[in-house]
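Each chain is listed here by its residues.
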Amino acid sequence: MAKRLVIGNWKMNPETFEAAKAVARKTRAISAKLCNTDVVVCPPFPFIAACVSRSQPPAFHIGAQTVSLEEGGAHTGEVSAKTLQSLNVEFVIAGHSEARAAGDTDETVSRKIGRIVEAGMIAVVCVGEKTRDENGSHLDFLKKQIRKTFAGISPDKTKRVILAYEPIWAIGAKEAMAPEQVYEMSLFVKKVFADIFGHEAGHKVRVLYGGSVNFRNAGDIIKVGRVDGLLVGRESVNMPGFKELIRAVDAIG
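First, a word on scope: everything that follows refers to the structure included in this document. The numbering scheme is per chain: residues are counted from 1 as the chain's sequence reads. Note on the predicted model: pLDDT of at least 70 is required for a residue's local features to be given, and 80 or more for side-chain atom pairs to be given and counted; whole-chain, interface and lining totals, by contrast, use all residues. The side-chain numbers reported here are obtained from all heavy atoms of the structure, hydrogens and water having been left aside.

So, on to the overall build of the protein. For the protein, the helix and strand inventory stands at nine helices and eight strands. Two things to know: the radius of gyration comes from C-alpha atoms, and the globule rule equals 2.2 Å times the number of residues to the power 0.38. For 253 residues, the compact-globule estimate of 2.2 N^0.38 gives 18 Å, and the protein sits close to it at 17 Å. The buried label applies to any residue whose accessible area, calculated with a 1.4 Å probe on protein chains only, is under 20% of its type's maximum; exposed applies above 50%, and partly exposed to all values in between. The proportion of buried residues among the 253 residues of the protein is 52%. Looking at the protein alone, contacts between residues at least 24 apart form 71% of all its contacts between residues at least 6 apart. Every accessible area reported is derived by Shrake-Rupley at a probe size of 1.4 Å, with residue values counting cover from the shown protein chains alone. Accessible surface, the protein as shown: approximately 12100 Å² in total, 51% of it carbon and sulfur. The charge count includes Lys and Arg as positive and Asp and Glu as negative, but it does not include His or the ends of the chains. One atom stands in for each charge, and that atom is NZ of Lys, CZ of Arg, CG of Asp or CD of Glu. Looking at the protein, you have 34 positive and 28 negative side-chain charges, and the mean spots of the two groups are 5 Å apart. Working definition: helices are DSSP H or I runs of at least four residues, strands are E runs of at least two. Numbering for both runs from the N terminus. Here, residues are in contact when the closest pair of their heavy atoms is within 4.5 Å.

In structure tokens, the structure reads:
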């Protein structure tokens, strides 16, 4: 059975190089004690190298928050997949709701997935509806989003894809989605994925949940929601809370 996965998306935090090193060091320390969980930290680009250690525990991994569409060349401010791979990045987030709000389309995300997997890294692909309603139109939105996001992605690349279900309305909310609803939606996401790539791919793809996750609700989201892990935002740089969250996930039998 694959280990659970906790991915910390630091966003534009912390503010300094030394603070980033400290967060990474503390996260490595807790990762060294884990049995059932892998942890990925996704710092801002300038801090990635500072978070890599020669004595890195096997359960600790480096990720990135996004990637350029371009392979290289005259693209000021962009960071290519090959550059990230050279920094020991193993996971890259694609299609986060904030990136989509800033202009990334489903087609853009699809191209980024291609760049990530071609460079030998794992694409953590975020999907999620903006609103939820009783007539089920949010399911149609999510189905279309997934289909468009994976248009042009060949089935052989799905081994390097993880789905992160993040309902946009739950991000930054007071409460996360109810664990029972997380379970229902994770099944739906896997079914849509299976409709695109086949039953085996749908069965094997790992699904994470993100959206107002903290140490208080993490255990129930994993146990009742039956997801393969969590994508954690603001809580991932709050070390006391993030440590407790990781411990809660790892303690689940």
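This part takes up the environment of proline 155. Among the secondary structure elements, proline 155 is positioned in the loop between α5 (137-149) and β6 (161-165). Judged by its relative accessible area of 54%, proline 155 is exposed. As a C-alpha pair, proline 155 and isoleucine 196 span 41 residues in sequence and 8.7 Å in three-dimensional space.

Attention now goes to α5. Each helix should span, by expectation, one fewer than its residue count multiplied by 1.5 Å. Between its first and last C-alpha, α5 extends 18 Å over 13 residues, near the 18 Å set by a 1.5 Å rise per residue. Of the positions making up α5, those classed as buried are His138, Leu142, Gln145, Ile146 and Thr149. Projected down its long axis, α5 carries its buried residues within an arc of 95°, all on one side. This arc is built from the directions going out from the helix axis to the C-beta atoms.

Attention now goes to the packing of aromatic side chains. For Phe, Tyr and Trp, rings pair up if their centres lie within 6.5 Å, where Trp contributes its six-membered ring, and each pair is then called stacked (planes under 30 degrees apart), edge-to-face (over 60) or tilted (otherwise). The full count for this structure, using the stated rule, is five aromatic pairs. Seen from their ring centres, phenylalanine 150 and phenylalanine 197 are 5.9 Å apart, and the 90° between their planes marks the pair as edge-to-face. Of the two residues, phenylalanine 150 sits in the loop between α5 and β6 while phenylalanine 197 sits in helix α6 (residues 179-197), which places them 47 residues apart along the sequence. The same class applies to phenylalanine 150 as to phenylalanine 197, namely buried. Three or more aromatic residues joined by ring pairs form one cluster here, namely Phe150, Phe193 and Phe197. A positively charged side chain is recorded as over a ring if its NZ (Lys) or CZ (Arg) lies within 6 Å of the ring centre. The angle to the ring normal must also be within 35 degrees. When the ring centre of phenylalanine 60 is taken as reference, the NZ or CZ atom of arginine 28 above it lies at 5.8 Å.

For the rest of this paragraph, the subject is the sheet that holds strand β7 (residues 206-210). Two strands qualify as a pair provided that DSSP identifies no fewer than 2 bridges between them. Overall, parallel pairing links the eight strands, which are arranged β1-β2-β3-β4-β5-β6-β7-β8 in a closed barrel. Strand-to-strand twist in this sheet, taken as the mean axis angle between neighbours without regard to direction, amounts to 25°. Lines are fitted to the C-alpha atoms to define the axes, a helix being fitted only along its stretch in contact, and any angle between axes, read from their N-to-C directions, falls within 0 to 180 degrees. Packed on one face of the sheet, α6 meets β6 and β7 and runs near 140° to β6.

Tracing the chain through its elements places serine 236 in the loop between β8 (229-232) and α9 (239-250). Classification of serine 236 as buried rests on a relative accessible area of 0%. Polar contact is defined as a pair of N or O atoms within 3.5 Å, subject to the rule that within protein one atom must be able to donate a hydrogen and the other to accept it, and that residues adjacent in sequence are counted only when both atoms are side-chain atoms. In this structure the side chain of serine 236 is engaged in a polar contact, spanning 2.7 Å, whose partner is the backbone oxygen of glycine 233. In this view, serine 236 contacts Gly8, Asn9, Trp10, Val23 and Phe242; residues no more than four positions away in its chain are not counted.

With that out of the way, let us pick up the pairing of strand β2 (residues 37-42). Of all six residues in β2, six are buried; the element is thus mostly enclosed. Of the two faces of β2, the one holding Thr37, Val39 and Val41 and the one holding Asp38, Val40 and Cys42 are both buried throughout. Looking at chain direction, strand β1 (residues 4-9) and β2 are connected through six bridges and run parallel. Bridged to isoleucine 7 within β2 is valine 40. Between the parallel elements β1 and β2, the chain passes through helix α1 (residues 17-31) in a crossover that is right-handed. Sheet topology places β2 next to strand β3 (residues 60-64); three bridges connect them, and they run parallel. Opposite valine 41, over in β3, you have isoleucine 62 as the bridge partner. A clockwise course of the path from the first strand over the helix to the second, judged with the strands pointing away from the viewer, identifies a crossover as right-handed.

Let us now look at the nonpolar core. Here, the term nonpolar core denotes a set of buried Ala, Val, Leu, Ile, Met, Phe, Trp, Tyr and Cys residues that are joined through side-chain atoms within 4.5 Å. By size, the foremost hydrophobic cluster in this structure holds 64 residues, and its most contacted members are Leu84, Ile113, Phe150, Leu163, Tyr209, Leu230 and Leu245. When residues of this core are assigned to their parent elements, the largest contribution, seven residues, is made by α6. With residues near it in sequence (within four places) discarded, leucine 163 still touches Val125, Phe150, Val189, Phe193, Val205, Arg206, Val207 and Leu208. Residues Ile93, Ile162, Leu208 and Leu231 belong to the second largest nonpolar core, which totals 12 residues.

This part takes up the pairing of β7. Strand residues, when the strand is regular, have side chains that alternate between the two faces of the sheet. Extensive coverage of β7 is indicated by the burial of four of its five residues. In this structure, β6 lies alongside β7, joined through four bridges in parallel fashion. Along β7, the bridge assignment pairs alanine 164 with leucine 208. With respect to chirality, the unit in which β7 leads through helix α8 (residues 218-223) into the neighbouring parallel β8 is right-handed.

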